[in-house]
Amino acid sequence: MSSLDHRTANKQADRKIVTFSLGHQTFGIDMHSLIEIREWEEPTPLPTVPSFIKGVTNLRGNVVPVIGLAERLGWEPSKIHARSCVLVVSIGEKQAGFLVDEVSDIVSIGDQEIQPAPDVEIGEPSVILGLVRVESRTMEARGDDTGQMILLLDLDGLSLTRHLELVA
Amino acid sequence: MDEIQGIFFEECAEGLAVAEQGLSAMRAGDLSSETIAGVFRAVHSIKGGAGAFGHAALTAFAHRFENVMDEVRAGRIPATPGVTDVMLSAFDILTDHVAAARGTAPLPQDSAVLAALENVLETKGVGVGGGATAAPAPAPATPDAPQPEAEESDEDEFGFRPVGVALDIFDATEEPVEPDWIIDFAPSHAALANGGEPLLLVREVEALGGSIVSVDLSALPPLREMEPEQSYLRWTIRVPASIEEAALTDCFDFVAPDSLVSIARAESVVPATSAAATDPLDQTSDDIADAEPELSAPVLTLVSTTAPSPSAPTLERASEPAAQTIRVDLIKLDLLLNLVGELVIRNSILADRLTPADQQRVELPELARLTRQIQDNVMSLRAQPIRQAFSRVPRMLRDLSAETGKQVILETTGETTEVDKGVIEKIGDPLTHMIRNAIDHGIEPPADRIAKGKEAQGTIRLSAEQKGARIFVRVADDGRGIDRVRVRAKAIEKGIIQADAQLTDEEIDQLICAPGFSTAETISNISGRGVGMDVVRSNVEALGGRVEIASTPGEGTTFTMILPLTLAILDGMIVRLGGQRYVLPLANVIETVQPAPGQVKRTSPTNEVIDMRGQYLPVKRATDIFDLPGSNRSLEDSLVVIVESESAGHVGLIVDTIDDRREVVIKSLDQNLYPIRGLGGATILGDGSIALILDIEALVASNSFNRFTPKGIAA
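Because the structure is a prediction, the values reported are computed rather than measured.

### Quick notes on the sheet that holds strand S4 (residues 260-265) of chain B
All names here are of chain B.
Consideration 1: Spatially, four strands are ordered S2-S3-S1-S4 in an open sheet, and the strand pairing comes out antiparallel. Every interior strand has two partners, whereas the edge strands, strand S2 (211-216) and S4, have only one. Neighbour to neighbour, the strand axes of the sheet diverge by 15° on average, direction disregarded.
Consideration 2: Across five bridges, S2 lies against strand S3 (residues 234-239) in antiparallel orientation. Opposite Ser 214, over in S3, you have Thr 236 as the bridge partner.

As structure tokens, this is what we get:
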């Protein structure tokens, strides 16, 4: 049983990342966490919540919060436009929707390609899992080989209840 | 494998609950054979499962316990209070052993209790099995469940099956003599998929001296049709006559349901086709090998006296009488509930889109009624008696009494109140803290109580009742009550309140729920770590409930957890606040008024009242409380809904408009988010959009959530 676990673990070392843009930055999340990508639809606003929580939306009978990810990470709030979409992800046992500017690509990376993020974050540890440099398909097509930096997000760090747990 | 272990521990928990209930009933004087047999069976299945998973210490202890229980069950040892007490302490140790096997606790010291059990066996066991105390009692051919023999096989050679099955059908009705045993064994098709290991069972029988006479391969499909997780084989095994029947039945103690198992003497051989060997036929056992099985019509015959209808799976009847249940993954139930919720919503969409005449024409009302019934039923599947949460209390009280020297009687009422399983799981910890708190801080030592003219024994009343859509769980003690002077002094010392804070008695009582508050002079290992009541409050609030404290100095303290019945349907009024739709629970609504000019008056810059036929009721602006846009809407354009609240009586709530009245399905916000003060949840309306459900109690308790600070705590 355990040898089987090892095999699958090794196989998963090559992980798939969904990349998307927020303003001029490119971020990535592990594809395993992604449930679906939806078009932006105005959620039902919630009273007395931090402004980055845009509200809740109906995801097949589940009430799922929609997070303004840019704002959550300390950037300028995203403006809604035609390509705005919501990445529905699972964080632990909970689900959340992240408002992003545009979904870009799906890339495969090895764990060894992830560099730890230097400590220049937004006063909050472990939201960024690490940095990865990738060449996207469109860049290859253009013959551009400078690559692009992706900020790989740690979804657990973005859990909405994390601050509650820290307080408790 | 872990999953199967998980099932085993789940079954242990259920078994322990049954045993504790039974033992408590015995202690209270209920010595009916059903009660005693129930305890016996519970202990027996724990032992069996423990053996299968190789938990040697647990198995050994359960075995001793079971021996005594068996003697009691057979009437050879009278269930005197003394004996029952020994069994209760044995039960406690058994619980610890289960926890140890699970890895959540260290191995308990069981030698004292083991000695006590031995003593019971030795002194009272004058009956059949009383000769050698250390030896397992001989298997009595009682109609309940055979006493397993051969300790060795119990501990080491057990089968793999975590599915508990009673052994009724294996009654030893024949003379245990001469001919060899013939076992016919066909695991259910799903056995492997369910985690069963038929091969281990067969090997186990072989280890007892059995030899395989034949294996029926006729059910094997062609290779390409073969499902790797199905079992197609059927074994016929011969076992020497000298082996005890109980040892054989033990081997099959944990076979998958729907498996065919028959154990009979060889003279009663039948062709393997019609399964079991019961009726004496003229074939010799050798014929079995030659008998060409025809599986077209599997006829299941059973051992002599217990033949059920031939079409019934052999072991179906064997499930214990109390367990007319089926184990279902909670996730499946939740999924079902969600889908039914969707169905309800589709129903209301239809109702929205069809004219009343069309609704009648397509019989929509009937469909709606049916849907509602399905929903009620699905929700009742998740509801469990709160007894599950209460069941750990007696044990805790015994431990705490022993530790503190305080004597406590427990009175429990309302344990059959049904609550959603999710709530039951989450009130365990708060309940534990409340009980500990009551014993540690509430109940006085016996000498103090006598000095105060009270009974030496303290009483803790544990109760549950449903009122409307809420469950009230109370822990009431008759102890010394909250010492408000000391609580206040402590709160000042800890910096929780200012030294000059003016607090009411209720506010002082609430302080004991403040984070970091503890009045215990010395930190005991019972409570007093300064987390207890704080944890209670945060856990209960996380469930969308609240904690109330009522205390009378010298007479006692009552803690009440007021919890929502989650996942329920709510009769709601759809109102608009700041343009957004919200649901107001109709149960709270008294009446609605369009305020006339001058009917609403200010009593302070932040407080208003409404004149209702000469009676002045406080008025709250919901948009202000939530700080929503549109707060400056004129009063003449608004409506006042008079609501009834537990804490503040009748209160007027100003809303923009009222849209509709309808039944809504409550969806919790904290499933994917966290509880939001003032909201009881959310619901999905007919058009698929979400409306938030207002929590009246929280709303009327405050003027503004943004500025909210806990009551009585210095701002």
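### A look at the packing of helix H3 (residues 56-73) of chain B against helix H4 (residues 81-102) of chain B
Residues and elements named next belong to chain B.
Consideration 1: With their axes 10 Å apart at the nearest point, H3 and H4 run at an angle of 155° to one another. It follows that H3 is roughly antiparallel to H4 by the angle criterion. As for how H3 packs across H4, the hand of that crossing is left-handed. Counting all contacts with H3, which are made through Ala 57, Leu 58, Phe 61, Ala 62, Phe 65, Val 68 and Val 72, the residues of H4 involved are Val 83, Met 87, Ala 90, Ile 93, Leu 94, His 97, Val 98, Ala 100 and Ala 101.
Consideration 2: Of the residues contributing to the contact of H3 with H4, the split by class is 15 nonpolar, one polar and no charged.

### Quick look at helix H2 (residues 33-52) of chain B
Every α-helical turn comprises 3.6 residues, leaving residues that sit three or four positions apart pointing alike.
Consideration 1: Compared with the 28 Å implied by 1.5 Å per residue over 20 residues, the 28 Å span of H2(B) between its first and last C-alpha is a close match.
Consideration 2: Along H2(B), 17 of the 20 residues are buried, which leaves the element largely enclosed by surrounding structure.

### Section: the sheet that holds strand S10 (residues 546-552) of chain B
Residue and element names in this part refer to chain B.
Consideration 1: Across the sheet, which stays open at both edges, the five strands sit in the order S6-S8-S9-S11-S10 with mixed pairing between neighbours. Edge positions in the open sheet fall to strand S6 (408-413) and S10, since each of these has one partner strand only. The average angle at which neighbouring strand axes cross in this sheet is 15°, direction not considered.
Consideration 2: With eight bridges joining them, strand S9 (residues 470-477) and strand S11 (residues 556-564) adopt antiparallel strand pairing. If you follow Val 475 over to S11, its bridge partner there is Phe 559.
Consideration 3: Seen against the sheet, helix H14 (residues 393-404) touches S6 and strand S8 (458-467) and runs at an angle of roughly 165° to S6.

The rules we used
Every residue gets a number counted from 1 within its own chain, in the order that chain's sequence is written. Note on labels: chains are lettered from A, ligands numbered from 1, in written order. Side-chain atom pairs in this predicted model are given and counted only at pLDDT of 80 or more, local residue features only at pLDDT of at least 70, and totals for whole chains, interfaces and linings cover all residues. Strands are labelled as partners when DSSP assigns at least two bridges between them. By the criteria applied, helices consist of DSSP H or I runs no shorter than four residues and strands consist of E runs no shorter than two, each listed in order from the N terminus. Fitted lines through C-alpha atoms give the axes, limited to the stretch in contact for helices. The angle between two N-to-C directions lies from 0 to 180 degrees. Should an angle fall under 35 degrees it is called roughly parallel, over 145 degrees roughly antiparallel, and 65 to 115 degrees roughly perpendicular, with every other angle called oblique. When the near helix sits turned anticlockwise from the far one by under a right angle, the crossing is termed left-handed; a clockwise turn instead gives a right-handed crossing. Throughout, a residue-residue contact means that the two C-beta atoms, derived from backbone geometry, are no farther apart than 7 Å. Amino acids are sorted into nonpolar (Ala, Val, Leu, Ile, Met, Phe, Trp, Tyr, Cys and Pro), charged (Asp, Glu, Lys and Arg) and polar (every other residue, Gly among them). Here the expected span of a helix is defined as 1.5 Å times the quantity of residues minus one. Think of it as a crowd count around each C-beta: if 20 or more other C-beta atoms lie within 10 Å the residue is buried, if 12 or fewer it is exposed, and in between it is partly exposed, with C-beta placed from the backbone throughout.

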